[in-house]
Amino acid sequence: MTAAARDLVARVGYDPRYGARPLKRVMQAEIQNPLSKLVLKGELREGDEVIIDAAKAEPGKDGSFAFKVRRRA
């Protein structure tokens, strides 16, 4: 996970009223679920490396995450 992706998780998941719960939801919805879909589709295999980065956002929006799979030989 790049520094930009970590910053995005922290920014989107921050809510002082609810503690870590929003952070957990962001991690689950935006990181775990897409990774699971990559595995189920067969696009991610044992030994592969996934780089998670923050995708470019439109002005005034938080953006999303980009996943890049590196195949291991």
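Residues numbered from 1 in each chain as written. Predicted model: local features only at pLDDT ≥ 70, side-chain atom pairs only at ≥ 80, totals over all residues. Heavy atoms only, no water.

Participant: Describe the side chain of Asp-48, and please don't skip the residues or the numbers.
Facilitator: Examined against the element boundaries, Asp-48 turns out to sit in the loop between α2 (21-40) and β1 (49-54). There is a polar contact of 2.8 Å between the side chain of Asp-48 and the backbone nitrogen of Arg-45. Excluding its chain neighbours within four sequence positions, the residues that come into contact with Asp-48 are Glu-43, Val-69, Arg-70, Arg-71 and Arg-72. (Helix = DSSP H or I, 4+ residues; strand = E, 2+ residues; numbered from the N terminus. Polar contact = N/O pair within 3.5 Å; in protein donor to acceptor, adjacent residues only side chain to side chain. Contact = heavy atoms within 4.5 Å.)

Participant: So what's going on with the confidence of the model for the protein chain? Residues and values would help.
Facilitator: Low pLDDT means the predicted coordinates in that region are not meant to be read closely. Averaged over all residues, the pLDDT of the protein chain equals 89, while 90% of them reach at least 70. In the model of the protein chain, helix α1 (residues 3-13) stands out as the element of lowest mean pLDDT, 92, in contrast to β1, which has the highest, 95. (pLDDT = per-residue confidence, 0-100.)

Participant: Run through the environment of Leu-8, naming residues and quoting values.
Facilitator: Examined against the element boundaries, Leu-8 turns out to sit in helix α1. In sequence terms Leu-8 and Ala-54 are 46 residues apart; their C-alpha atoms lie 6.7 Å from each other.

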